[in-house]
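These are the residues of each chain, in order.
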Amino acid sequence: MYVSARSDYALRAMLAVAAASRCGDGEDGGGGLVKAASLADVQDIPLSFLQGILLDLRRAGLLHSHRGAEGGYALTRPPDEITVGDVLRAVGGSLTTVRGLPAERAGYHGVAAGLTDVWLAVHGAIATVVDSTTLANLLTRDPTDHAPTTS
């Protein structure tokens, strides 16, 4: 699995929006709404790049936007119902790729035929982790704890 800047930025943005929804107010007092410019500034993400990411997240049904001076972005569901996998798929497609193709489409023959099973197992392991980790899990994690979480 390769975590692109786009995926990293999307997760950071979603966590910032989720944190604002938990405390009930955005950075500008917008009732949980977070402005794109504020997200870009706080998370050190180029605004033009972030706007495309936010559009993908909105199209995937993870965020909704409100226009106007008091507008911004908010989650469409509670943070405990949105997984890391949801966010990664919204901005990057397949979780695991082999030569640019989803793992299930990687085909081999001869002595390499067993590689398909390896890539599918890798994909399954990644999916298990990212689909069982919610935004809420990440928000409640002790920031001084750097140990990986495993089940």
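Because the structure is predicted, anything quoted here is derived from the model rather than measured.

Peer 1: Give a detailed account of the packing of aromatic side chains, specifying residues and quantitative values.
Peer 2: With the rule as written, the count across this model stands at one aromatic pair. Relative to Phe49, the ring of Tyr9 has its centre 5.5 Å away and its plane inclined at 80°; by these criteria the two rings are edge-to-face. Residue Tyr9 is found in helix H1 (residues 5-23), and its partner Phe49 is found in helix H3 (residues 47-59); the two are separated by 40 residues along the sequence. When its relative accessible area of 17% is taken as the criterion, Tyr9 is described as buried. Judged by its relative accessible area of 32%, Phe49 is partly exposed.

Peer 1: Could you give me a rundown of helix H5 (residues 115-132), with the residues and numbers involved?
Peer 2: A rise of 1.5 Å per residue sets the reference length of H5, with its 18 residues, at 26 Å; its end C-alpha atoms lie 26 Å apart and thus fit the reference within 8%. All of the buried residues in H5 are Thr116, His123, Ile126, Ala127 and Val130. When H5 is viewed along its axis, its buried side chains cluster within an angular range of 105° and face the same direction. For H5, the exposed residues set more than 90 degrees away from the buried face come down to Asp117, Ala121 and Thr128. Lining the buried residues of H5 we find helix H4 (84-92).

Peer 1: An account of the side chain of His123 is requested, with residue identities and associated values reported.
Peer 2: Inspection of the secondary structure puts His123 in helix H5. Using a relative accessible area of 19% as the deciding quantity, one classes His123 as buried. With near-sequence residues (within four places) excluded, His123 lies in contact with Ser94, Leu95, Thr96 and Ala103.

Reading the values: rules and limits
- Residues numbered from 1 in each chain as written.
- Predicted model: local features only at pLDDT ≥ 70, side-chain atom pairs only at ≥ 80, totals over all residues.
- Heavy atoms only, no water.
- Phe/Tyr/Trp six-rings, centres within 6.5 Å; stacked < 30°, edge-to-face > 60°.
- Helix = DSSP H or I, 4+ residues; strand = E, 2+ residues; numbered from the N terminus.
- Buried < 20%, exposed > 50% of the residue type's maximum accessible area, 1.4 Å probe, protein only.
- Expected span 1.5 Å × (residues − 1).
- Arc of directions from axis to C-beta.
- Contact = heavy atoms within 4.5 Å.

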